[in-house]
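# Topology and contacts: notes
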Amino acid sequence: MTDIARTALKGFAADLGGTKTAVARIEKGIVVDRRLSPTDGAADPAAQIAAIEALLKELGHTRGAPLGVAVAGRIDRSGKWHAVNTGTLSAIQDVDLTTELNRTIGAATCLNDAGAAAVAEALFGAGAESDSFAYITVSTGVGGGLVINKRLLSCANGLAGHVGFVSSRFADAVCGSGRQATVESIAGGRGIAAAAAAFGKQGIDARNVFEAAADGQDWASRIVTTSARAVATLIGDLTAILGLDTVALGGSIGLAPGYLDKVAAAMREEPELFRPKIVHASLGHGAPLIGALAAHLRKESV
Ligand code: ADP
């Protein structure tokens, strides 16, 4: 992945997650302007696209400008968008995203959000020196992008890299993917909020749980530690399969103060062979945005 210089990245990008939708104007590979709005998880595809369009307009996007779009969920090879966790984006199944974006906003390249971030980190960030690299986002859910020998692992149905749907010994609930006891269901923001509710703390989100943990509240620290331990075990499992040498953590939970240290502490329970280097995504919250635009420009240049 050395075929595009970061300084060649000029255009726009969108990142639609389970909690927030972000859009950016990018110049020379740097996010120079950004807008955010909350994602409505129940909104239909037209409303999700309209939300992206409204934010892009604020940034001065015009039809024809380069545009990469990263979304939670899988994009299959025919360009259709499907939620994998239907508890997060409940109305997204079989959405012809590329065609719809083209009709409403303009030509765009669409890919999974964590896959986009993995591309950015592998090209320009924490994975640049790696042969076997994983980007893991701990956000509303838990997602991933796997870059092996400088290629993003991909497949026809777009499911490759959805590492949050691996089973976890720390989990016991049914996940919105339909699988039982997944990493996402215990380690992601929705799982953390559900764990807080089970402790009798109704109506609070993962950010509030982190605040309570920072405030020394034991119930909250335990929830955060369990999330970190589930992610650490996932990293050990992925390393057994892929021989990972480097893992970058992203997402608002992955980047939250102290979280990576907790993952690293839990990793010390693993034998050394199963412990890759763990770092923060060096492009931070910009990673999916930069990766989406990079994917678009690389495709255009083919
Ligand atoms: P998305 O999933 O939409 O890409 P994020 O990466 O921001 O969005 O992840 C959203 C999750 O992160 C929510 O569960 C939210 O409560 C949690 N969150 C947001 N900010 C923080 C923070 N500073 N510390 C811990 N958790 C956070």
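Residues numbered from 1 in each chain as written. Predicted model: local features only at pLDDT ≥ 70, side-chain atom pairs only at ≥ 80, totals over all residues. Heavy atoms only, no water.

## Quick look at the overall build of the protein chain
- Each helix and strand in the protein chain was counted, giving 10 helices and 13 strands.
- Rg of the C-alpha trace for the protein chain: 18 Å, near the compact-globule value of 19 Å for 302 residues, within the 12% margin.
- With respect to the three principal axes, the spread of C-alpha positions in the protein chain is 50 × 40 × 35 Å.
- Taken over 302 residues, the protein chain has a buried fraction of 54%.
- Across the protein chain, contacts joining residues at least 24 apart in sequence account for 62% of those joining residues at least 6 apart. (Helix = DSSP H or I, 4+ residues; strand = E, 2+ residues; numbered from the N terminus. Rg over C-alpha atoms; globule rule 2.2 N^0.38 Å. Buried < 20%, exposed > 50% of the residue type's maximum accessible area, 1.4 Å probe, protein only. Contact = heavy atoms within 4.5 Å.)

## A few points about the domain arrangement of the protein chain
- Each domain of the protein chain was delimited in the assignment, giving domain 1 (6-116 + 285-298) and domain 2 (128-281).
- Taking only C-alpha atoms, the centre of domain 1 and the centre of domain 2 are 23 Å apart.
- Contacts between domain 1 and domain 2 engage 16 residues on the former and 23 residues on the latter.
- Each partner contributes to the roughly 1,500 Å² buried at the junction of domain 1 and domain 2, and carbon and sulfur atoms together form 53% of this total.
- Our count for the contact surface shared by domain 1 and domain 2 stands at 0 salt bridges.
- The interface formed by domain 1 and domain 2 includes 7 residue pairs in polar contact (both at pLDDT 80 or more).
- Contributing elements (two or more residues each) for the side of domain 1 that touches domain 2: strand E5 (74-75) and helix H3 (113-124).
- Residue composition of the side of domain 1 that touches domain 2, by class: 3 nonpolar, 10 polar and 3 charged. (Domains from an automatic or database assignment. Buried area = accessible area lost by both parts, 1.4 Å probe. Salt bridge = Lys/Arg side-chain N within 4 Å of Asp/Glu carboxyl O. Polar contact = N/O pair within 3.5 Å; in protein donor to acceptor, adjacent residues only side chain to side chain. Nonpolar A, V, L, I, M, F, W, Y, C, P; charged D, E, K, R; others polar.)

## Re the nonpolar core
- Within the largest apolar cluster, 41 residues are counted, with the highest numbers of intra-cluster contacts made by Ile136, Val209, Val231, Ile235, Leu249, Tyr259 and Val263.
- Going through the elements one at a time, strand E9 (132-138), strand E10 (142-148), helix H4 (183-187), helix H5 (189-198), helix H6 (206-214), helix H7 (218-242), strand E12 (246-250) and helix H9 (259-267) are the ones with two or more residues in this core.
- If one sorts the elements of this core by residue count, H7 sits on top with 11 residues.
- In this structure, Ala24, Val119, Ala122 and Ala126 belong to the second largest nonpolar core, which totals 32 residues. (Core = buried A, V, L, I, M, F, W, Y, C linked by side-chain atoms within 4.5 Å.)

## Overview of the environment of Leu289
- Locating Leu289 in the fold gives a position in helix H10 (residues 287-300).
- For Leu289, a relative accessible area of 0% translates into the label buried.
- Once the C-alpha coordinates of Leu289 and Val69 are considered, the two residues, 220 residues apart in sequence, prove to be 7.6 Å apart.

## Focus on the packing of aromatic side chains
- Taken as a whole, this structure holds 2 aromatic pairs when the rule is applied.
- Considering the side-chain rings of Phe199 and Trp219, the 6.2 Å spacing of their centres and the 50° angle between planes classify their relative orientation as tilted. Of the two residues, Phe199 is situated in the loop between H5 and H6 and Trp219 in helix H7; the sequence distance between them amounts to 20 residues.
- Assessed through its relative accessible area of 39%, Phe199 is described here as partly exposed.
- Of the residues examined, Trp219 reaches a relative accessible area of 12% and is grouped as buried.
- Taking 6.0 Å as the distance between ring centres and 45° as the angle between the ring planes, the aromatic pair formed by Phe210 and Tyr259 counts as tilted. Of this pair, Phe210 sits in helix H6 while Tyr259 is found in helix H9, placing the two residues 49 residues apart along the sequence. Each member of the pair Phe210 and Tyr259 is classed as buried. (Phe/Tyr/Trp six-rings, centres within 6.5 Å; stacked < 30°, edge-to-face > 60°.)

## Regarding the pairing of strand E2 (residues 20-27)
- Strand direction decides the pairing type here: strand E1 (residues 11-16) and E2, joined by 6 bridges, are antiparallel. In the sheet register, Gly11 faces E2, and the bridge partner there is Ile26.
- Strand direction decides the pairing type here: E2 and strand E3 (residues 30-38), joined by 8 bridges, are antiparallel. Residue pairing across strands places Lys20 opposite Pro38, the latter belonging to E3.
- Turn length for the E2-E3 hairpin, with the two strands adjacent in sequence and antiparallel, is 2 residues, and the turn residue Lys28 shows positive phi of about 50°. (Pairing = 2+ DSSP bridges.)

## Notes on the packing of H5 against H7
- Viewed as axis vectors pointing N to C, H5 and H7 meet at an angle of 145°, and their least axial separation amounts to 10 Å. Between H5 and H7 the crossing geometry is right-handed. Residues Ile192, Ala195 and Ala196 of H5 form the contact with H7, whose participating residues are Trp219, Ile223 and Ser227.
- Its residues assigned to classes, the contact of H5 with H7 comprises 5 nonpolar, 1 polar and no charged. (Axes fitted to C-alpha atoms, helices over the stretch in contact; angles between N-to-C directions. Left-handed = near helix turned anticlockwise from the far one by under 90°.)

## Remarks on the environment of Lys201
- Within the secondary structure, Lys201 sits in the loop between H5 and H6.
- Measuring from C-alpha to C-alpha, the distance between Lys201 and Val31 comes to 37 Å, with 170 residues separating the pair along the chain.
- Not counting chain neighbours up to four residues away, the residues in contact with Lys201 comprise Ala196 and Trp219.

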